[in-house]
Structure formats: structure tokens, C-alpha cells
Amino acid sequence: MGKKLLAGPYLLWMVAFTVIPLALIVYYGFTGVGGGFTLANVAAIARPEHSKALVLSLALSMVSTVCCLVLAYPLAMVLRGRGIGKGSFIVFIFILPMWMNFLLRTMAWQTLLEKNGVINAFLGFFGLPKLQIMNTPAAIVLGMVYNFLPFMVLPIYNVLAKIDDDTINAAADLGANFFQTLLRVWFPLSLPGVISGITMVFVPSLTTFVISNLLGGSKILLIGNVIEQEFTKSGNWHMGSGLSMVLMVFIMASMLLLAKYDRGGEGTTF
Amino acid sequence: MGQRILRWVENFYLFFILLFLYIPMATLMVLSFNTSKARNQWGGFTLGWYLKMFDSRAISQALYNTLMIAFLSALIATVLGTLAAIGIDKMRRLPKNVYMGVSDIPMLNAEIVTGISLMLVFIAFGVSLGFHTVLISHITFNVPYVILSVAPKLKQTSQTTYEAAMDLGAPPIRAFFQVVLPDIMPGVLSGFLLAFTLSLDDFIITHFTKGAGVNTLSTLIYSEVRRGISPSMYALSTVIFVVVFVLLLASNFLPKKKEA
């Protein structure tokens, strides 16, 4: 009985620093600068400059999520096949970059991608055409994939590592070829990891303002940039909160969608 | 034959991903030895930026803040999170799900929203932004990760050992420290390490909750983006990277005295 009380301190902490702050966002989002209830801040998402930013954010984050999944799944399979330790080495490889600052790592891509950057010098040496993606949406997607790939690899690797070799061998014994095994055994069993990987990549990609700032130049605005500017430049907290609420609706919608899909996936395992 | 080709393809793929992940790091390391301040020009080799690293008060202050916030937030989050995980373990299903649902919000929500909402609450309650508000914010986003790494370990430990310790006359506190804690220690430690790393690498939440006078390395770098980053920053992060690399390498590959 007494042990339950140990959850008390963090319960108070959550109320003070998670629940009340979110309630404040809702309060600011639904009130005007002069006070009084309004829907104007939420409706402001329909303004062309805002909706354009939201659509672009949704598009880029979907592309980056798909890229991460396509890169991470085979990687997780290879890593599982190598049976590298109890996962400590995997974590080692993917967590280590985090110790070099996120902003510096992302900015290093400027040096690599620039017109006279490292990659173009390399391509030029072999007489290949130059890559001109700096300050374009492509560079932003690259930055997202680079930064968030570990969040896709780790959950997928974790579920794959738990799959018993016997299950895979049984599929082969029963005559399944590689692709059948992949579709009917690997993928259904790894779905929980895939789902959590997708959310872990999609949400930060959808809401970033730093990557677009550093690799997209100042012309490409994502919804994160719009919200950040409402708070730091325009100082219109009501508008910023209203747009944040719209953003949260998209985050929740994506999670519900995935949760539903996950349950469906478990049902069709057999 | 097919096996060999497959193995070769796999190796190539691993190499490609590692190259992708580590090439920016290599770039920064090279730039830390560059005489020229420009990011896209090689001006010759120098060790000067390493010597000048701590000349700048701004950099050393930011480094101090970064490490202090990372250490304190990880420590406090580990204590709060471990206690919470033990409490949750004893809860019924419904309160447990509600508790976990709220607890997961800072982990699942957009960082920009978490940062903004915390900034709003500090300002609304008249708390001036500074070191302490960054610390509180980092604790807030760190606790769910600690709970996530401690909870599975608790599930693995058997309730009977704790009860046995009490039957043998140990008071609950002693039973906890001598029986339960050693069992869940790997989870507690990895939670602490994860919290420390996340705090160290955070920019977005710090950006909104830091106030004017205080900088961490992240926010200092961000403020320098427009006017050009001092290569001393590259030197400093190279040093941090190498130190961590060696420490992790040692802890991973040195023969362990006790196999867990």
C-alpha cells in the first residue's frame, strides 16, 4: 500500500509541469490579445502562409519517415543477423553521435552539401554532375533522416532481436521463400517496433524548426518555423498557441491512426 | 556463393549507413584543425582553436551550464522516475494507465509545444527565466525515459525477495536498498545515462525556457549561426566526442569483472 505513495512526487511534478502548461496553451489558443473567447487563432491555420507551411511540413515529414523506414528496416535485419552482443554495441553506434551537438552535426551538412562543398568536390573529381540541394526541401529531408534515423533503427532492432530463430526456420521449412517470410513472418512480428519508430520520426520531423532553419535557408518555412516566430519575433502568444493546438491535433491523429493499425496488425498475425 | 554475395552486400550497406551517420562528425573534426574560420575553405593545419577553447568566457560558461543541467536534471529525474516506477508497479490497471498516459506526454508531444507550454507557465506564475527554469524543463522531459528503462526491470524482479527481506527483519527502507535496488540497478543506470545524453543534446526546449542571460552550448551555437561559428566550438565538441568515445569503448569492451 505504502509503495504507491512513491509515485506521488512525480504526480505533483506532472500536474505542475505537464498538465497546467498544456492547459495554458489551450487557454491562450482560445483567447484573443484583449482577452475573451475566440476561435480566430485556431482558424488562422487557414491563412495561405500558414496552411502552405503545414502542408509542406506534412509532406516533408512523411517523406523523411518513409526514407527512415526504408533505410532502417534492412539495417535492423542485418544487425540482428550479425547477433552483435546484447544490443550494447548497437546503442553505442547510434547514441554516440548525440554527444556531438545536434546543431553542429546538422550544420556540418552545410559544409558537405554546399555548391563548393565536400560532396561536390568529390563528385567533380570523378567528373560527375554536381548536387545542388542546399537550401531546398531535399536538404531538409536529408537533415531529418540524418537526425532521426536512430529513432527508427532502435525500436525495430529491439523487436527483431526478440524474434526466435526457430520461427524463421519454421517458415523456411514450410517452404516460404525470402519475400514470403519477410511479409508473413518478419513484418507482422516487428510491427510494434515499426509503429513506435514511425511516431518517433514523424513527430519531430513534422514539428522541427531548426533543421529547416539550418538547411533550408530562410525562405522555406515549416509550421514549426511559423510557431517559433510567433513566440520569439512577433510576440503573439495567442496565435502561436492556437497554431500549436492545430499541430497537436495532427500529432494525436497520427498516433491514433497508428494505434488502430497496430491492433489490426496483431489480429492478422495468423 | 550466394551467401558470400549477400554478406558482401550487407557489409557494404553497414558501411554506407555508418558513413552517413559519421561523416558530419568527421567534417567537424577536420574543421577544428582549420586555420581559416570559413567553413568551406581549408587554410592549413592549426592547433590554435584547441588552445583558444577556454579563452572565451562565453564558451566556458556555456559548457559549465550544459554539464550542470545535464547532471542535475538526470540525477533528479532518475530519483523521481525510479520512485514513480515503483509506485506504478503496485497500482491497479486504470490509475496506472492514466498515470503513464500523462507521464508519456513530454516524450510523445512535439518538443516545440513542450518548450512553449513550459515558457508560458513560468511567465504566468511570475518565475523569471534562467538556469533553474531550464533545469526544471529538462527534468520534465527526462523522467518518462527513466520510467521507461526502470519499469521493465521491476517487472522482472520478484516480489518475494523483498518480502523475504522484510520477514527476516529488514525495515522497508533497508529491504529496498539491499534487495530491490540492486536488482533494478541496470535500468536505473541506463535511465540516468539516457537522461544525461538527452539533456546534453537538447536545443529546442532550452531555447524557449532559458531567458536572456543564460546559455548552454546548444543555445550559444544557435546564437552564433548567423555571424559564423567560432572553430573553438568544433574543437570543444571534438574533445567531448573523443572523451565519450573512449569512455564508452572502455565500458563496452573491457573485460567485465562481474557478468550481470
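All values derive from a computational prediction rather than experimental measurement. (Residues numbered from 1 in each chain as written. Chains lettered and ligands numbered in written order. Predicted model: local features only at pLDDT ≥ 70, side-chain atom pairs only at ≥ 80, totals over all residues. Heavy atoms only, no water.)

Draft legend 1. Molecular detail of empty space enclosed by the protein. Summed over all chains, the structure comprises 3 cavities of 30 Å³ or more. The computed volume of the largest cavity comes to approximately 130 Å³. Every residue lining the largest cavity is counted, 15 residues in all, and those nearest its centre are Trp99(A), Asn101(A), Leu217(B), Ser237(B) and Ile240(B). Contributions of two or more residues to the lining of the largest cavity are made by α3 (57–89), α8 (172–201), α10 (217–224) and α11 (231–253) of chain B. Among the elements that take part in the lining of the largest cavity, α11(B) stands out by supplying 4 residues, more than any other. Taken together, the residues of the lining of the largest cavity break down into 11 nonpolar, 3 polar and 1 charged. (1 Å grid on protein atoms, 1.4 Å probe; cavity = no way out; pocket = protein on both sides within 12 Å on 5 of 7 lines; lining within 4 Å. Points joined across faces, edges and corners; volume = space filled by probe spheres on them. Helix = DSSP H or I, 4+ residues; strand = E, 2+ residues; numbered from the N terminus. Nonpolar A, V, L, I, M, F, W, Y, C, P; charged D, E, K, R; others polar.)

Draft legend 2. Region of interest: the interface of chain A and chain B. Facing the 72 residues of chain A at the interface are 85 residues of chain B. Surface buried jointly by chain A and chain B totals about 7400 Å² across both partners, of which 77% is contributed by carbon and sulfur atoms. Together, Tyr10(A), Trp99(A) and Met100(A) form the three largest contributors to the area buried by chain A at its contact with chain B, with a combined 12%. The interface formed by chain A and chain B includes 1 salt bridge. Linking Arg105(A) and Asp201(B) is a salt bridge whose minimum nitrogen-to-oxygen distance equals 2.8 Å. Taken together, the connections running from chain A to chain B amount to 10 residue pairs in polar contact (both at pLDDT 80 or more). When residues of the side of chain A that touches chain B are assigned to their parent elements, the largest contribution, 15 residues, is made by helix α1 (residues 8–29) of chain A. (Contact = heavy atoms within 4.5 Å. Buried area = accessible area lost by both parts, 1.4 Å probe. Salt bridge = Lys/Arg side-chain N within 4 Å of Asp/Glu carboxyl O. Polar contact = N/O pair within 3.5 Å; in protein donor to acceptor, adjacent residues only side chain to side chain.)

Draft legend 3. Layout of a nonpolar patch on the surface. Taken together, the side chains of Leu11(A), Val15(A), Val19(A), Ile20(A), Phe125(B) and Val127(B) define a hydrophobic patch exposed on the protein surface, amounting to about 480 Å² of accessible area. If you trace the backbone, Val15(A) turns up in helix α1. Judged by its relative accessible area of 39%, Val15(A) falls in the partly exposed class. (Patch = residues over 30% accessible without salt bridge, like charges linked within 9 Å, V, L, I, M, F, W, Y side chains within 5 Å. Areas by Shrake-Rupley, 256 points an atom, 1.4 Å probe, with all protein chains shown as cover. Buried < 20%, exposed > 50% of the residue type's maximum accessible area, 1.4 Å probe, protein only.)

Draft legend 4. Summary view of the state of the cysteines. Taken as a whole, this structure holds 0 disulfides over all chains when the rule is applied. Among the cysteines around Cys67(A), which has no disulfide bond, Cys68(A) carries the closest sulfur, lying 7.1 Å off. (Disulfide = S-S within 2.5 Å.)

Draft legend 5. Spatial organisation of the environment of Val15(A). For the pair Val15(A) and Leu149(A), spaced 134 residues apart in sequence, the C-alpha to C-alpha distance is 32 Å. Once residues within four sequence positions are removed from consideration, Val15(A) is found in contact with Ile20(A) and Pro21(A).

Draft legend 6. View of the nonpolar core. Judged by nonpolar contacts, the single largest core of 163 residues is most densely connected at Tyr10(A), Phe94(A), Leu103(A) and Ile112(B). The element that contributes the greatest number of residues to this core is helix α7 (residues 137–162) of chain A, accounting for 14 residues. Setting aside chain neighbours within four positions, we find Tyr10(A) in contact with Leu80(B), Ala84(B), Tyr99(B), Ser103(B), Val143(B), Pro144(B) and Ile147(B). (Core = buried A, V, L, I, M, F, W, Y, C linked by side-chain atoms within 4.5 Å.)

Draft legend 7. Region of interest: the side chain of Asp202(B). Relative to the assigned elements, Asp202(B) resides in the loop between α8 and α9 (204–209). Despite its burial, Asp202(B) pairs with no opposite charge, the nearest such side chain being Arg105(A) at 10 Å. A distance of 3.5 Å separates the side chain of Asp202(B) from the side chain of His138(B), its partner in a polar contact. Beyond its immediate chain neighbours, meaning those up to four positions away, Asp202(B) contacts Glu111(B), His138(B), Phe141(B) and Ser218(B). (Lys, Arg positive; Asp, Glu negative; His and termini not counted.)

Draft legend 8. Molecular detail of the packing of aromatic side chains. Enumeration over the complete set of coordinates arrives at 25 aromatic pairs over all chains. Taken together, the ring pairs connect Trp99(A), Phe71(B), Phe192(B) and Phe196(B) into an aromatic cluster. The ring centre of Trp49(B) lies 4.7 Å from the NZ or CZ of Lys52(B), which sits over that ring. (Phe/Tyr/Trp six-rings, centres within 6.5 Å; stacked < 30°, edge-to-face > 60°. Lys NZ or Arg CZ within 6 Å of the ring centre and 35° of its normal.)

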